[in-house]
Amino acid sequence: MMPSVFVVHTRSTVAVLAVVLVLLQQLHMSTCLLVIPTAVPIRATATTTTSLNMVQRQTEDIFSAVHRKEHEMIAIKKKHQATSDPVVMAMGYGEQSVPKLRVARALRRTHEDQVGSDDNDSSSMDPDKLKDIGMQPVGMRRGCFVVDIKRKSLSQPGTVYCNYDDASMVAEAMVRLGADAVMVNVDYNAYGGDLSELKSTVQAVRKISDTAAVIMKDIVVDEIQLGLAKEAGADGILLISSVLGPALQNFMNLATIIGLEVIVECHTKDEVDKALELVAQNILISNYDRVGQQYYPDQAVKLAGLFPGSGGPIISLCGGGVCTTDDMKRHLQVGYDGVVVGQAVMGSTKAPEFIRAVRDRTLLPAELSHWGIGAEFDPDGNIMPGPKDKEEV
């Protein structure tokens, strides 16, 4: 018996689905249904394509981001093969002059106490006497404020913090408000930025400040990315310890050779120990675990005691999930030299409040930070009135 063939013409997607259901019911019979839509019911428009891309990006974790970045760098390296290429030249020539260390100078905001000054204050001990008993004068600290400029983040997939035309405009505004350094994210899929914004940011910041530092933030997996940062004029670059692993030392060495300062991002104690072993000058402790994709709000506070005291060779930063000024103060009070804030100030009017909270106060020396002293001090070192004192006044 020859199978029967039914031809159905339809424009409706619902009708197509209904016919498919009928087809499934007729499978036990020698009957075939041929569905011929007279018009394509679902067409790939720009809107649907964008939605699909957003879904893909929402599910991207650090592992898939690293693999994607590795493939992107293969194409980038093909574009920069000539010996006269600016990026290749930036990687091939060592820094001959004394490094400016703009990043370190911007992040280190320690000033010395007036010990042994000409006013002959009897309450101050002589520095020589302190040395005789194995001590030395310790200065008060001033925290630094670093803005992490980004439209979105891997830590919160699908969330757009803000939309701006160019990162340079945000960076210029933040530096004018008093930010010590800016991080410019150049990975489009993960953070919504690109290298062109890094170059424009460098130009914008240089016009208004000689001290503010510009740091390239990317998922660094290839050495050519150091050349891209150097060629763009960045002062430093962020290296993620959990991404580079044993290769971290090689990247740090190359960065030093070409005159690019490094900030090493760590999350665990082992990563901090490794960074200290490699003599990383700038270390950022993140509360966000990139591997586990989870926030640990107290992680940086718990690891604060791993660093040398005030004025030491290591500059310690903290960040990740710092959403309020109280969070920021809590991290600074345990000994960190500065704090990195992103989402809380992106597209928000709170940026001046955050910056003032750092710039308008001094901090106890890191050696005393774990004593649990909650007092706050103004820029002159005087104790600032707390909430209870303000109510009494």
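Shown above is the structure to which this text applies.
What comes next is a walk through the structure.

Turning next to the sheet that holds strand β12 (residues 338–341). Where strands meet in a sheet, backbone hydrogen bonds hold them as pairs that are either parallel or antiparallel. Strand order in the closed barrel made by the 8 strands is β3-β4-β5-β6-β7-β8-β11-β12, with parallel pairing throughout. In this sheet, adjacent strand axes meet at a mean angle of 25° when their direction is disregarded. Contacts from helix α9 (residues 195–208) reach β4 (181–185) and β5 (213–217) within the one sheet, and its direction differs from that of β5 by about 170°. Helix α13 (residues 269–277) rests against β7 (261–266) and β8 (282–286) of the sheet, and its axis sits at about 155° to β7.

What follows deals with the layout of surface pockets. Over the atoms a probe the size of a water molecule is rolled, and this reveals where empty space is left. Approximately 370 Å³ is the volume found for the second largest pocket. Within the residue set of the lining of the second largest pocket, elements represented by two or more residues are β8 and β12. Here the lining of the second largest pocket is composed, by residue class, of 12 nonpolar, 9 polar and 5 charged.

The next subject is the pairing of strand β3 (residues 144–149). In summary, the side chains of a regular strand alternate between the two faces of the sheet. Among the 6 residues that make up β3, 6 are buried, leaving the element largely enclosed by the rest of the structure. Residues of β3 alternate between two faces, with C144, V146 and D148 on one and F145, V147 and I149 on the opposite face, all of them buried. The pairing of β3 with β12 spans 4 bridges and is parallel. Across the sheet, the residue bridging to V147 is V341, located in β12. Across 4 bridges, β3 lies against β4 in parallel orientation. What sits directly across from I149, in β4, is V184. As a crossover connection, the stretch from β3 through helix α7 (residues 167–177) into β4 is right-handed.

Another aspect to go through is helix α16 (residues 351–359). What α16 keeps buried is the set A351, F354, I355, A357 and V358. Seen along its axis, α16 keeps its buried residues to an arc of 155°; they face one direction. The secondary structure elements touched by the buried residues of α16 are β3, α7, α15 (325–333) and β12.

Tracing the backbone shows R290 in the loop between β9 (288–289) and β10 (294–295). For the pair R290 and H267, spaced 23 residues apart in sequence, the C-alpha to C-alpha distance is 8.3 Å. Those residues in contact with R290 that lie beyond four places of it in its chain are I62, Y191, K217, I240, S242 and E265. A distance of 3.2 Å separates polar atoms of two side chains, one belonging to R290 and the other to Y191. A polar contact is formed between the side chain of R290 and the side chain of E265, at a distance of 2.6 Å.

Let us now look at helix α12 (residues 248–257). Among the residues of α12, L248, F251, M252, L254 and A255 are the ones counted as buried. In an axial view of α12, the angular spread of the buried residues amounts to 165°, which keeps them on one side of the axis. For α12, exposure combined with an orientation more than 90 degrees from the buried face picks out T256 and I257. Elements that come into contact with the buried residues of α12 comprise α4 (86–92), α10 (224–232), β6 (236–240), α11 (241–244) and β7. In the segment just after α12, G259 is the residue with positive phi, at about 80°.

Attention shifts here to the pattern of salt bridges. The full count for this structure, using the stated rule, is 18 salt bridges. A salt bridge links R68 to E60; the nearest nitrogen and oxygen atoms lie 2.6 Å apart. Like R68, the residue E60 is buried in the burial classification. One continuous salt-bridge network, built from bridges that share partners, spans E60, R68, K69, E72, D187 and D218.

Moving on, we come to the side chain of S153. Mapped onto the secondary structure, S153 falls in the loop between β3 and α7. Residue classification places S153 among the buried residues on the basis of a relative accessible area of 7%. Apart from the residues within four sequence positions on either side, S153 is in contact with Y161, A190 and Y191.

Cut-off values and rules
- In this numbering scheme, every chain counts its residues from 1 along its sequence in written order.
- In keeping with the model being predicted, local features are shown solely for residues with a pLDDT of at least 70 and side-chain atom pairs are shown and tallied solely at 80 or more, while totals for entire chains, interfaces and linings include all residues.
- Hydrogen atoms and water are omitted, and side-chain values are computed over all heavy atoms in the structure.
- Paired strands, as defined in this entry, are two strands with at least two bridges between them according to DSSP.
- Helix numbering and strand numbering both begin at the N terminus, where a helix is a DSSP run of H or I of at least 4 residues and a strand a DSSP run of E of at least 2.
- Note on geometry: axes are lines fitted to C-alpha atoms, helical ones only across the stretch in contact, with angles between N-to-C directions running from 0 to 180 degrees.
- In this description, contact between two residues means that some pair of their heavy atoms is separated by no more than 4.5 Å.
- Grid points spaced at 1 Å over the protein atoms alone were grouped into cavities, where a 1.4 Å probe fits but cannot get out, and pockets, open sets with protein on both sides within 12 Å along at least five of seven lines, with lining residues defined by an atom within 4 Å of a point.
- Grid points are joined across faces, edges and corners, and a volume is the space filled by probe spheres set on the points.
- All residues other than Ala, Val, Leu, Ile, Met, Phe, Trp, Tyr, Cys, Pro, Asp, Glu, Lys and Arg, Gly among them, are scored as polar; the first ten of these are nonpolar and the last four charged.
- We call a residue buried when its accessible area falls under 20% of the maximum for its residue type, exposed when it is over 50%, and partly exposed in between, using a 1.4 Å probe and counting protein chains only.
- Seen with its strands pointing away from the viewer, a crossover is right-handed when the path leading from the first strand over the helix to the second is clockwise.
- The arc in question is formed by the directions pointing from the helix axis toward the C-beta atoms.
- Between N or O atoms, a polar contact is any pair within 3.5 Å; within protein, one atom must be a potential hydrogen donor and the other a potential acceptor, and residues adjacent in sequence are included only when both atoms are from side chains.
- Throughout this description, the term salt bridge denotes a Lys or Arg side-chain nitrogen within 4 Å of a carboxyl oxygen of Asp or Glu.

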